[in-house]
Amino acid sequence: MAEMRLIVAGAGGRMGRTLTRAIAETPGAVLVGALEAPGSELLGKDAGMLAGLPPNDVKLSADLWNLSAEADGILDFTVPRATIANVAIAAERGIVHVIGTTGLSASDDAVIQSVASRAVIVKSGNMSLGVNLLAALVKRVAQSLDASFDIEILEMHHRAKIDAPSGTALMLGQAAAAGRDIKLDEHAARGRDGVTGARRTGDIGFASLRGGTAAGDHSVIFAGAAERLVLTHHAEDRMLFAQGALKAALWAHGRKPGLYTVADVLGLENF
């Protein structure tokens, strides 16, 4: 089978450089394009050299339309505005779009959903295989424990992360809400400060910590009377997100159009 020809969006950033290295290490995948924001001082730079690899003659460009002419997919861990711009082009070109961007709004999600009838999209708040297994476990535990068990989600990321709660924390919150058959936006407690009163039964709480170089720590706490169950995932290197995204891209190559998740990639839809 021919190698899957991939574009890395945000190729000059930390995650983009990690994706470039991951592609170089993955049989069946090859880097054919490196996308960067218009006006970036990195445009024209060699993607391999930026990633700490030998030169690969793939130069950073701001022109996704031209980059995608000979591509099979794009790996997109950028910012919402860029991702939404990329969605339209990826759909028009008919290439796989793997979206790991966090901080997407409800209207952003609606745009992504609107092209899913003609595009192959894999989207997740976290591309880690372990985190997606954790989400499946959270849903199952939430189904099994009633509202006498309070659910709290704690996450920590590096000091430069710009959104909170993390996309992963929200994904875990959605899993917990699905397990309880409730709507997360009606039960999320995201801003406790001062005299808040007693905890409302049925809420799903979020707490966000920022500092240092933490790649991502997430814990889901089920707190009952005299006992607590804690499900935890620690990310030690952002390479694990890149490897998950590549697994998703290779899985999606040749699939029928639709909006998929990493749970689909792992076969967890009926877990």
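So, here is what we can say about the structure in this document. (Residues numbered from 1 in each chain as written. Predicted model: local features only at pLDDT ≥ 70, side-chain atom pairs only at ≥ 80, totals over all residues. Heavy atoms only, no water.)

**Here we look at the pattern of salt bridges**
Counted only if it meets this: Counted as salt bridges are all cases of a side-chain nitrogen of Lys or Arg within 4 Å of a carboxyl oxygen of Asp or Glu. Runs of H or I in DSSP of at least four residues are treated as helices and runs of E of at least two as strands, each being numbered from the N terminus. Only protein chains enter the accessibility calculation, which uses a 1.4 Å probe. A residue is then buried if its area is under 20% of the maximum for its type, exposed if over 50%, and partly exposed in between.
Considering all chains together, one arrives at ten salt bridges under this definition. Note that arginine 199 is salt-bridged to glutamate 152, the shortest N-O span being 2.7 Å. Residue arginine 199 is located in the loop between strand E8 (188–189) and strand E9 (204–210), and its partner glutamate 152 is located in strand E7 (residues 150–157); the two are separated by 47 residues in the primary sequence. By relative accessible area, which is 18% here, glutamate 152 ends up buried. For arginine 200, the salt bridge is made with aspartate 203, and the minimal N-O distance between the two is 2.8 Å. Judged by its relative accessible area of 9%, aspartate 203 is buried.

**Remarks on the packing of helix H6 (residues 129–144) against helix H7 (residues 167–180)**
The geometry of a pair of packed helices is captured by two quantities: the angle between their axes and the separation between those axes. The line we're drawing: Here an angle of 0 to 180 degrees is reported between the N-to-C directions of two axes, which are lines fitted to C-alpha atoms, with helices fitted over the stretch in contact. What sets the label is the angle itself: under 35 degrees gives roughly parallel, over 145 gives roughly antiparallel, 65 to 115 gives roughly perpendicular, and the rest give oblique. Note: crossing handedness is left-handed where the near helix turns anticlockwise from the far helix by less than a right angle, and right-handed where it turns clockwise. Throughout, a residue-residue contact means that at least one pair of heavy atoms, one from each residue, lies within 4.5 Å. Only Asp, Glu, Lys and Arg are considered charged in this grouping, and only Ala, Val, Leu, Ile, Met, Phe, Trp, Tyr, Cys and Pro are considered nonpolar; every other residue, Gly among them, is considered polar.
For the pair H6 and H7, interaxial distance at closest approach is 7 Å and the crossing angle is 30°. Accordingly, the angle class assigned to the pair H6 and H7 is roughly parallel. Note that H6 runs across H7; the crossing there is right-handed. Across from Val131, Asn132, Leu134, Ala135, Val138, Lys139, Ala142 and Gln143 in H6, the residues of H7 making contact are Thr168, Met171, Leu172, Ala175, Ala176, Ala178, Gly179 and Arg180. Residue classes in the contact of H6 with H7 are distributed as ten nonpolar, four polar and two charged.

**Things to note about unusual backbone geometry**
Look at the link from alanine 164 to proline 165: it is a cis peptide, with omega at -10°. Mapped onto the elements of the fold, proline 165 is located in the loop between E7 and H7. Of note in the backbone geometry, aspartate 57 takes a positive phi value of approximately 65° without being a glycine. Here aspartate 57 falls in the exposed class, since its relative accessible area comes to 62%. The phi torsion at alanine 226 lies on the positive side, around 70°, for a residue other than glycine. The residue alanine 226 is located in the loop between strand E10 (217–224) and strand E11 (227–234) in this model. Using a relative accessible area of 89% as the deciding quantity, one classes alanine 226 as exposed.

**A word on the environment of alanine 2**
In this structure, alanine 2 sits in the segment before strand E1 (4–9). Spatially, the C-alpha atoms of alanine 2 and glycine 28 are 7.1 Å apart, while their sequence positions differ by 26 residues.

**Considerations on the side chain of serine 166**
Rules: A 3.5 Å cut-off defines polar contacts: any pair of N or O atoms within that distance qualifies, except that in protein one atom must be a possible hydrogen donor and the other a possible acceptor, and neighbouring residues in sequence count only when both atoms are side-chain atoms.
Take serine 166: it is sitting in the loop between E7 and H7. From its side chain, serine 166 meets the backbone nitrogen of alanine 169 in a polar contact 2.9 Å long.

In short, the description is geometric, and any link to function would need to be established separately.
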